[in-house]
Each structure stands twice: as C-alpha cells, then as structure tokens.
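Here is how the chains run, residue by residue.
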Amino acid sequence: MTLYKNASFSTQERVADLMARMTIEEKFAQLGAQWLILDPEGEHKERELEMSDSQSGRTISDKLGQGIGQITRPLGTHTVSPADGVKALNELQKFLVEETRLGIPAISHEECLVGLMSSEATLYPSSLNYGHTWNPELIYDAASDIGRQVRAVGAKQGLAPVLDVSRDVRWGRTEETLGEDPYLVGVMATQYVKGLQGENRDLYATLKHYVGHSASEGARNHAPVNLGFKELNDTFMLPFEMAVKLGNAGSIMPAYHDIDGEPCHASHYLLTEVLREQWGFDGLIVADYGGIDLLAAHHAVAADSTEAAALAFNAGLDVELPDDACSNRLTQALEAGLITIDTINEIVERILKTKFEFGLFENPYTETPSEPLHNDKSTELSYKIASESAVLLKNDGTLPLSKQTRIAVIGATANDPLALLGGYSFPVHLILSDTDSGELNSNTLLQSLNESFETVGYAKGCEILTERKANAPVFPGDVNMAIAQAQTSPVSKDTSLIKAAVEVAKSSEVIVACVGDLAGLFQTGTIGEGSDTDSLELPGVQQQLLDALLDTGKPVVVLVTGGRPYQLGRAEDEASAILYGWAPGQEGANAIADILSGEVNPSGKLTLSIPKNVGAVPYFYNHKLKSAGTPIAYHFGSAYNFGFGLSYTQFDYKDVLLAENSVEFDGTIEASVTVTNTGERAGAEVVQLYSRDKLCSVVRPVKELKGFHKVWLESGESKRITFSLPVDMLNFTNAKHQRVVEGGEFDIMIGRSSSEIEHSVIVNVNGKVNTLPKNWRMICQTKEVQTA
C-alpha cells in the first residue's frame, strides 16, 4: 500500500509522502474549490456564477482532473433531498478517489448559521435570537444538533458562526450577529464552535467575518472600516481570540472590507502574524466567496486575478471559495515571482493535514441518511431558543392574555412563514435564485395564535414588499450592473388595506399588531446581507397601520419580528405591550403564541440597544463618554439599553458582597448577590456584571459587560449567584498592540441591565502595569447556590 494511503503512519509522514508525489498543478488544485450542481449519476453541471470577473472557460473535467480542495455547498445551492444530495456528493468523491492520479478526496462545506442550509433540515432561529437567550449551554446544544445534521450530509466544514460585534443596526447583517458586546459574543460563539465541532473536531466551524465587518462606514455592506488597532482588538477581535483559544475553532473566513486601506483578504498581519503566530491558530483560513477576486475587481490593490491570488495566499489564506477563479492563476503568479513554491507547499501541507485528520482518505464517502435530518430534539431546541430569546420591552399588565380573549391579528408579517426566518435559512436564501424550496412546514403567527386562542380575527393591513426576487447587484461596487437596472425600491407604499384591517380590529378586545421586516439577501428583503437601510422606521406603511390601530382605542400588543430593532413611533408610548421575537425560526410562532398566552414566561434580554432615533446611530451601551455627544441631544441614547428585558414576574436583588476590595494582577474578583423571585410565576433572570476603569492611560468605555448568569427561579425561590472575575479581563490594548491591565480603581457593578445597576463597589488592582501572556484568563466563572 502506498504510504500516504496507510493509516498506520503518522499524519506528518503521510503528508510528506503525498507532497513528494504531487505535481505543481495538483498542488494548486488543492487551494481552490468548485461550485457545481452535483448529480447522483455523476452528470455534474456548471453553476452560473456572478461572483467573479474571472472567466476560466474550462470544462468540468478540466476543473476536477487535478483534484480539488473543497466542494461548495452540494446540498445548499439548490433543492435536493438529503439522500440524493449525499449520493451526488459520493459520486464526486468517487471520481476524485478513483479517476484522478492521486485520489485525494475533497472537503465538502455547507452554510449552517441558522441550521444546516439544506432541504429538510431544521430552520433554527437567527443568530440574533441565539444572543438574546443569554444561555450559552442552550446554544451549545443547538450547535451540536446542527453539527449532527451537517455531518449527515457529508460536510466537513460549516460556515458559521458569525462573530461580528454589532455597532450600527442599519447594517443588513445585524440579524447574523449575536449582539453589541464583545464578551457576550465571544462566550456564545465559543459555545457554538464547541457544539458544532464536537470533542473530536471532525467538523470545522468557520469563524466569520474576520474582522471588523460590522463597523463599516454608514453600516453599508463591504464598506471600508476606519478603526485603530486598539479599538479593533478590544471590541472586534476579542470574540475571535476567544473562539480560537477556548473553542479550538478549525477555520476562519476573512471579511470583504478593508481596514484603513488594507483589505482583510490581503492582510499578512491579521491572517498570519495575529492568527497563527500570536494566537496559535492551527486550522484553515478560507476566503469569503469571491473575496480574492475583489482585491483586483473592487479594492484595486491588485492588477488582475493573478496578482490577487498572490496577495491573498502570501498573506496567509489557504483555500479560495467558492471556486478557483483566482487560485487557477497561481501558475502565472509563480512564473512571475509573485509567490514562492515554499509558500505553496506550506499551504498545501495544511490542507492535506486537515484531510488526513478528517479521515477522508479512509472514509471518503458518506452513508446515505436513513433518519430525518430534523427530529424531535431539533424541534425542542428550536422552540427553546425562540421562547428564551423573545424580549418583552413594555407591558402595562395586558400580557399575558387569557385564551378566551377575542384578539385581532393584524399585520404584514402575521401570515407569512418567511417573516420568521433569517437570511441564511434555506427557503429565504433560495429567493436569490428565484427558486422555491416548497417545504415550509412551520406555522405562521396567525396559525399558532388560532390554535392558542378561541376567537381570532385577521387582516393583513399592508404589504411590506411588492415583489420578492433577485434584483440587486451581488456586490456593492458592481457599478455597471447597478446603472443598467432601474434601482427602484420594492418596498410597498400602498395604504389601501388599512381601512379593512381597522374594521377587523374594532371587533376585538385586544389587537396583536404583527410588524417588522423580511429577511432577504441583496435587497430581496428589508434585512440581510446587502439589505442595509437608511432608516429605523418600519419598512413600508407599517407605521401608518400601527397608528390606525392605536386610534381605535383598543389595547394594542405590538409584536416585532425580524433582524433589527425599529422605532415604533406613537406605539412606544401608547401601546399596551411591546414584544420582540426577532427571527425565531420554524418553532417561533408556537413560542410567541405561548408567551402571549402565558404558557411561557419571557426571559430574553436585549443584546442590542435600541436607539431612540436613526440620528443616534451608531449607538451601543459600551461607548466612550464623548461618543454620546456634548451637549446631549434629545434624540441621542436609547430607551431600551443592552441587557434590558421584562418578565411576567419580579426579581429582587439583595446582599451584594465583595470578597476583597483589593486584588493582585494574578487574582480574581469575587462578587455575589442573592436574587429572589418575588412574583407569582416561575421565571428566569439574567444577572449581569459590569466594570469600568476609573482612570486609564487610554480612553475606555463607560461600562463593559464582564460576566452574566441566567438563573431560573420558582415563585418565592432565592439563589445566590457568585461571579469570579479574573483581573486579566480588565485589560485593554496599548500602543504596542499588547493586552495589558493597569493597576488602580475599577467600578464593579451588578445589575439587571446595563442601565439598571443594582449595586456598585470600587475594587483596587494593586500594581502598575501587567502585560498579559498568550493564554490569559478570558472567562468570568459563575455559580449558583439555592438559599431559600
């Protein structure tokens, strides 16, 4: 048996043997991918791409003949059953194993941010919902289930999670974020990584979008990011550092934008010096789709695809996705002296090492799924995330509703199943290709409310979009494409349905007004990648509908679903209740109905502050003092800050104690509080720990989350929550790009939200300056003890 095919040898020996046998063309082939419509009979077809300016003109045989590094989304690109999708993937692997000279199998990757993006997979809630649960263990369990489904279709890499820290909610990709706090994002994302990859890391999670993608100019997709390294490291890189060091993430995807003129896909500093040399990352760095080509086509830091490929691979990239539009030009790059064979060899060795560790040479084929991808556990987890992430912002006592209450369900999102899904869910993603998955087995809000309440009236009241189809350039900067189109907004301005909706509302006791947005990539919706906004008013004429419902004098419960918060006008003052459900997935309607009827007590807390006005953005709770502006304008700030959320019960905080008022650099700050459920219902409270550096050599935020704990309490029950905060976590980045802690006074605060601090105390950290080691302490541990 050939050495590299013999599993009794070490991975290092197998890689060395295979490398010695490979031609330069076979090596180049490992650095790229192919995006094909795979066929169970092996009759694979080209997929028409709009991702790149590069045209190869090669046949499928040409593309596969030397082998390939990865196969792009064999099940996620079109509607295909899991069984047929796996058969088609196996046919591709069979060709690679049996028909190419060296028989090197490919790595299959799929999207999996809100569940596996494939037919018959679970339609999980959005990433924004994950964050609003404040429940890392639940997200670990959900990611484990998503990982099971990803493995079942033969994928070895999942393109998730998203670690972008929200900064401006106008950004279309806000729905993909976990929130506006870097520590919360880091904790939740790390648990997602651990759950998805499993103990054996036989499936790679992919951290994206590295880095600062959410801090773009004007919250516009792909726009430049203008940040210094201190801010970049403390806010945007921290979650990635946590997921690499604590989660052992297997892959990272650079972002499309440039930072201070340097595109992320061409940054040797970010991709090699920081990731590999400083953090010890040992996995694969894969391009965002078309990201290499954009170095030439948009950023203009490369003359053509050849130079773009050399820039990216020299910077530290390993694999081009979704195809090989630029990596197939590496022969020219090598001949021109733009890249060395040593660099190529180093990259190929990493790719082959991954394939050997995945066991692909021993098991290149995937067993045809015999069990459904979605099962009862998937339903349970999806429901739990939906129910734990809903945030009750306002309630005058109207909620919960008796099931005998006559309700009127009004709104454009009330009877639309797509209104409950994120942009990277399979049915929504298919809108881009004008395809219908034909398989929405989830309830709409109207259906679930009909099942929960005895008397339900319904009227749509308005439309959000006049049409839903691919009608925008894939990338900003596709100027010719944009000019060639009549760029008219599909957002509806038709008010003709409002009058009939008001008549239905008048016959009810309580109005449930269903408003929000529709996820859709590149302007196929009002939220999602490439669907940025210039306003925080509800899309279309939803505000006019809401105002007309308020004019009836009936109690109005406003139910907001979608991927960003909105200003609700008069409703913020006049509505009886406001509930945010975000994009709660296939079980979302059932969860929301159960919250409205009191079956479930809401426990979500905001991970996004809701700005008072679009003129206040970017707004986030952990700002610096001057970012609020001087003097303070009436439209600045937020009425609903990070960490806020109501319950159907009440919680009392008492007996806050600090173990010591003074600690050393290597010490831990211990703070504890007793929380009691003083209401009549069982419920959950998220206890939050914040800090503030009172005097520092650089400007620091007014407040930073450093710990949190979600505690479940029966009526009358008390538990004591203890936070153990490592002094390391009080760090910031200095001018030398080092994480340091300066001694001095720190405010340590315990509260129920960032704006509702129950107790604050000063702790003194002894010493002058401590430079942190590579493996600094990143997690605030918590524990709970029942006291009554």
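Residues numbered from 1 in each chain as written. Predicted model: local features only at pLDDT ≥ 70, side-chain atom pairs only at ≥ 80, totals over all residues. Heavy atoms only, no water.

1. Digging into the overall build of the protein
- Regarding its fold elements, the protein presents 21 helices and 29 strands.
- At 26 Å, the protein has a C-alpha radius of gyration in line with the 28 Å of a compact globule built from 788 residues.
- Each principal axis of the C-alpha distribution contributes one length, and for the protein these read about 75 × 65 × 50 Å.
- Residue burial in the protein is summarised as follows: out of 788 residues, 63% are buried.
- In the protein, once contacts between residues fewer than 6 apart in sequence are set aside, the share between residues at least 24 apart is 78%.
- Carbon and sulfur atoms provide 46% of the accessible area of the protein, an area that totals close to 28000 Å².
- Considering the protein, the positive charge centre built from 64 side chains and the negative charge centre built from 104 side chains are found 4 Å apart. (Helix = DSSP H or I, 4+ residues; strand = E, 2+ residues; numbered from the N terminus. Rg over C-alpha atoms; globule rule 2.2 N^0.38 Å. Buried < 20%, exposed > 50% of the residue type's maximum accessible area, 1.4 Å probe, protein only. Contact = heavy atoms within 4.5 Å. Areas by Shrake-Rupley, 256 points an atom, 1.4 Å probe, with all protein chains shown as cover. Lys, Arg positive; Asp, Glu negative; His and termini not counted. Charge placed at Lys NZ, Arg CZ, Asp CG, Glu CD.)

2. Some details on the side chain of S448
- Residue placement: S448 occurs in helix α16 (residues 445–452).
- Excluding anything up to four places from it in sequence, S448 contacts N443, A589, N590 and A593.

3. Side note on helix α19 (residues 542–550)
- Burial analysis of α19 places 8 of its 9 residues in the buried class, the great majority of the element.
- Among all positions in α19, only Q542, Q543, L545, L546, D547, A548, L549 and L550 are buried.
- Of the surrounding elements, those touching the buried residues of α19 are β13 (406–410), α18 (498–506), β15 (510–516), β16 (556–561) and α20 (571–574).

4. A look at helix α14 (residues 376–389)
- Spanning 14 residues, α14 covers 20 Å between terminal C-alpha atoms, matching the ideal 20 Å at 1.5 Å per step.
- Of the positions making up α14, those classed as buried are S378, L381, S382, I385, A386, S387, E388 and S389.
- The secondary structure elements touched by the buried residues of α14 are α5 (127–133), α6 (136–152), β12 (391–395), β17 (577–582), α21 (588–596) and β24 (704–713). (Expected span 1.5 Å × (residues − 1).)

5. Brief notes about the confidence of the model for the protein
- Summarising the model, the protein shows a mean pLDDT of 94, and 95% of its residues fall at 70 or more.
- With pLDDT under 50 throughout, residues 50–54 is counted as low confidence; its partners more than four residues away or in other chains account for 15 contacts. (pLDDT = per-residue confidence, 0-100.)

6. A word on the pattern of salt bridges
- Applying the stated criterion across every chain, the model contains 35 salt bridges.
- The residue R350 makes a salt bridge to D318 at a minimum N-O spacing of 2.8 Å. Of the two residues, R350 is situated in helix α13 (residues 341–358) and D318 in the loop between α11 (305–315) and α12 (330–335); the sequence distance between them amounts to 32 residues. You'll find R350 and D318 in the same group, each marked buried.
- Of the charged contacts in the structure, one is a salt bridge between R350 and E346, with a shortest N-O distance of 3.3 Å. With a gap of 4 residues between them, R350 and E346 both fall in helix α13, about one helical turn apart.
- Judged by its relative accessible area of 16%, R350 is buried. (Salt bridge = Lys/Arg side-chain N within 4 Å of Asp/Glu carboxyl O.)

7. Re the UniProt feature "domain: Fibronectin type III-like" (unreviewed entry) in the protein
- Mapped onto the present numbering, the UniProt feature "domain: Fibronectin type III-like" (unreviewed entry) falls at residues 685–754.
- Regarding residues 685–754, the helix share stands at 0% and the strand share at 64%, and the terminal C-alpha atoms are separated by 14 Å. (UniProt positions renumbered as here; feature names shortened; annotations may be inferred.)

8. What to know about the domain arrangement of the protein
- Domains assigned within the protein are domain 1 (3–358), domain 2 (390–479 + 487–640) and domain 3 (651–786).
- For domain 2 and domain 3, the distance between their C-alpha centroids amounts to 34 Å.
- Three residues stand out in domain 2 for area buried against domain 3, namely S603, K605 and Y621, and they jointly supply 50% of the buried area on that side.
- One can count 1 salt bridge joining domain 2 with domain 3. (Domains from an automatic or database assignment. Buried area = accessible area lost by both parts, 1.4 Å probe.)

9. Overview of the sheet that holds β17
- In spatial order, the strands read β12-β17-β16-β15-β13-β14; together these 6 strands make up an open sheet with mixed pairing. If you trace the sheet from one side to the other, it starts and ends with β12 and β14 (455–459), each paired once. Pairs of neighbouring strands in the sheet enclose a mean axial angle of 20°, with direction left out of account.
- Together, β13, β15 and β16 form the strand contacts of α19, whose direction differs from that of β15 by roughly 170°.
- Those strands touched by α21 are β15, β16 and β17, and its axis lies near 160° from that of β17. (Pairing = 2+ DSSP bridges. Axes fitted to C-alpha atoms, helices over the stretch in contact; angles between N-to-C directions.)

10. Side note on the packing of aromatic side chains
- Applying the stated criterion to the full structure yields 15 aromatic pairs.
- Arranged with centres 6.1 Å apart and planes meeting at 85°, the rings of Y4 and F361 form a pair that is edge-to-face. You can see Y4 sitting in the segment before α1 (11–21) and its partner F361 sitting in the loop between α13 and α14, a full 357 residues away along the chain. Taken individually, Y4 and F361 each receive the classification buried, so the pair is uniform in this respect.
- Measuring from centroid to centroid gives 6.3 Å for Y210 and W279, while their planes differ by 70°, and the two rings are edge-to-face. Of the two residues, Y210 is situated in strand β7 (residues 204–210) and W279 in the loop between α9 (268–278) and β11 (284–285); the sequence distance between them amounts to 69 residues.
- By relative accessible area, Y210 is classed as buried at 1%.
- Taken together, the aromatic side chains of W134, Y183, Y621, F642, Y690 and F708 make up a single cluster linked through ring pairs.
- Above the face of the F620 ring, R167 is positioned so that its terminal group lies 3.7 Å from the ring centre. (Phe/Tyr/Trp six-rings, centres within 6.5 Å; stacked < 30°, edge-to-face > 60°. Lys NZ or Arg CZ within 6 Å of the ring centre and 35° of its normal.)

11. With respect to the pairing of β7
- Burial analysis of β7 places 7 of its 7 residues in the buried class, which makes it a mostly covered element.
- The parallel pair strand β6 (residues 157–158) and β7, bridged by helix α7 (residues 182–197), forms a crossover whose chirality is right-handed.
- Bridge count for β7 against strand β8 (residues 251–254) is 4 bridges, and the pairing is parallel. Looking at β8, one finds that Y210 is bridged to P254.
- Running through helix α8 (residues 229–245), the crossover from β7 to the neighbouring parallel element β8 is right-handed. (Right-handed = clockwise from strand over helix to strand, strands pointing away.)

12. A closer look at the packing of α7 against α8
- Direction vectors running N to C along α7 and α8 enclose 25°, while the axes themselves pass 8 Å from each other. Compared by their axis directions, α7 and α8 come out roughly parallel. The handedness of the crossing between α7 and α8 is right-handed. Note on element contacts: α8 touches α7 through D234, T235, L238, P239, M242 and A243, opposite P182, Y183, V185, G186, V187, T190 and V193. (Parallel < 35°, antiparallel > 145°, perpendicular 65-115°, else oblique. Left-handed = near helix turned anticlockwise from the far one by under 90°.)

13. Focus on the sheet that holds β8
- The sheet built from 7 strands is open, its strands ordered β1-β4-β5-β6-β7-β8-β11 with parallel pairing. The outermost strands of the open sheet, each flanked by one partner alone, are β1 (33–34) and β11.
- Where strand β5 (residues 107–110) and β6 come together, 2 bridges link them in parallel fashion. Opposite E110, over in β6, you have G158 as the bridge partner.
- Helix-sheet contacts for α8 involve β7 and β8, and the interaxial angle to β7 is about 165°.

14. Brief notes about a negative patch on the surface
- A cluster of acidic residues, E137, D141, D376 and E380, forms a negative patch on the protein surface.
- Breaking the negative patch down by element, the ones donating at least two residues are α6 and α14.
- Inspection of the secondary structure assignment puts D376 in helix α14.
- Residue D376 is classed as exposed on the basis of its relative accessible area, which comes to 67%. (Patch = residues over 30% accessible without salt bridge, like charges linked within 9 Å, V, L, I, M, F, W, Y side chains within 5 Å.)

15. Structural notes on the pairing of β8
- Side chains S251 and M253 of β8 all project onto a buried face; the interleaved residues I252 and P254 project onto the opposite face, where all are buried too.
- Of the strand pairs in this sheet, β8 and β11 are connected by 2 bridges, and their pairing is parallel. What sits directly across from I252, in β11, is I285.

16. With respect to the packing of α18 against α19
- Following both chains from N to C, one finds α18 and α19 inclined at 35°, their axes separated by 10 Å at the closest point. Helix-helix and strand crossings are classified by hand; for α18 and α19 the assignment is right-handed. Taken together, the residues of α19 that come into contact with α18 (itself represented by I498, A501, V502 and A505) are Q544, L545, A548 and L549.

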